[in-house]
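The chain contents come next:
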Amino acid sequence: VSSNSSFVGGSGLETIAAQGFEGGGGDTWLYTQQVATISTVTSTSRTGATSLRLESSGEARFGNYSLSGYSGATVMVAYATAGADTGEDLFLEFSYNGGGTWADSVKLIDGFSNAQIAFNETNAVDPTTVANPYYHAITATQVMIRVRAVALDASEYFYLDDISLTAYGAAAPAFVPG
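Asker: Which residues make up the sheet that holds strand β6 (residues 58-66), and what values do they have?
Answerer: Across the sheet, five strands lie side by side as β3-β6-β12-β8-β9; this open sheet has antiparallel pairing. If you trace the sheet from one side to the other, it starts and ends with β3 (31-34) and β9 (103-110), each paired once. Averaged over neighbouring strand pairs, the angle between their axes works out to 20° when direction is ignored. Relative to β6, β3 runs antiparallel, the two sharing four bridges. Across the sheet, T32 pairs through a bridge with R61, a residue of β6.

Asker: Account for the environment of Y31, with residues named and values stated.
Answerer: Within the fold, Y31 resides in strand β3. Judged by its relative accessible area of 28%, Y31 falls in the partly exposed class. Along the sequence, Y31 and R61 sit 30 residues apart, while their C-alpha atoms lie 5.2 Å from each other. Ignoring anything within four residues of it in the chain, the contact list for Y31 reads Q19, F21, I38, T40, L52, R61 and F62.

Asker: Which residues make up the side chain of T166, and what values go with them?
Answerer: You can see T166 is positioned in strand β13 (residues 157-168). Given the relative accessible area of 16%, T166 is considered buried. Not counting the four nearest positions on each side in its chain, T166 is found in contact with L13, E14, T15, I16, G72, A73 and T74.

Asker: Can you explain the confidence of the model for the protein chain? Please cite residues and give values.
Answerer: For the protein chain, mean pLDDT is 88; residues scoring 70 or higher make up 87% of the total. Here residues 1-9 scores under 50 on pLDDT; set against residues more than four positions off or in separate chains, the count is 18 contacts.

Asker: So, the pattern of salt bridges: which residues are in play, and what are the values?
Answerer: Applying the stated criterion across every chain, the model contains eight salt bridges. We note a salt bridge from R146 to E93, for which the minimum N-O separation is 2.6 Å. With R146 in strand β12 (residues 142-150) and E93 in strand β8 (residues 89-95), the pair connects residues that are 53 residues apart, well separated along the chain. Across the pair K107 and D110 runs a salt bridge, and its minimum N-O distance is 3.7 Å. Its relative accessible area of 24% is what places K107 among the partly exposed residues. Accessibility expressed as a relative area gives 14% for D110, which makes it buried. Beyond isolated ion pairs, a larger network of salt bridges with shared partners links E59, R61, E93, R146 and R148.

Analysis parameters
Residues numbered from 1 in each chain as written. Predicted model: local features only at pLDDT ≥ 70, side-chain atom pairs only at ≥ 80, totals over all residues. Heavy atoms only, no water. Pairing = 2+ DSSP bridges. Helix = DSSP H or I, 4+ residues; strand = E, 2+ residues; numbered from the N terminus. Axes fitted to C-alpha atoms, helices over the stretch in contact; angles between N-to-C directions. Buried < 20%, exposed > 50% of the residue type's maximum accessible area, 1.4 Å probe, protein only. Contact = heavy atoms within 4.5 Å. pLDDT = per-residue confidence, 0-100. Salt bridge = Lys/Arg side-chain N within 4 Å of Asp/Glu carboxyl O.

Shown next, in the form of structure tokens:
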């Protein structure tokens with residue numbers, strides 16, 4: 001970007017909801033556990049002192065947010081694993097109708113042979129490697145997410161941190177080259 005380039009229009013990027021599992025005022029994207037055993041832990045995190053650990057099969061659901069009045073949004077999820085084997089997978093799924101149906105399923109971790117994947121890293125051996133953190137564009141007028149663990153055994157974990165929903169105002173900014 002040259003020094004004469006600029007962005008015009010739009011009302012900028014706005015954080016609608018976030019969850020860093022620190023227990024403070026910045027943790028605004030509330031979640032519930034669905035079957036899974038989950039806990040906040042200090043053993044590993046992307047930023048801050050804690051992350052959310054999924055300790056068994058099941059899911060964590062993050063509340064529904066209206067995106068009316070925004071021109072677009074992005075969900076970001078950082079993830080890690082300790083010990084996930086073949087068949088033990090982590091999915092990120094989206095609902096655009098308040099949890100009635102789930103779509104856009106993304107396999108964040110495809111478990112394999114005691115997999116060890118740290119936050120901000122991927123693994124070339126992992127058959128399904130997506131960016132970490134993972135970003136997903138949203139064009140719907142509402143969104144709810146769930147992170148679902150499949151076939152997770154004892155002493156094998158998935159970790160989540162720095163989950164956020166950000167949106168642009170009524171008109172996204174346009175890039176004007178200089």
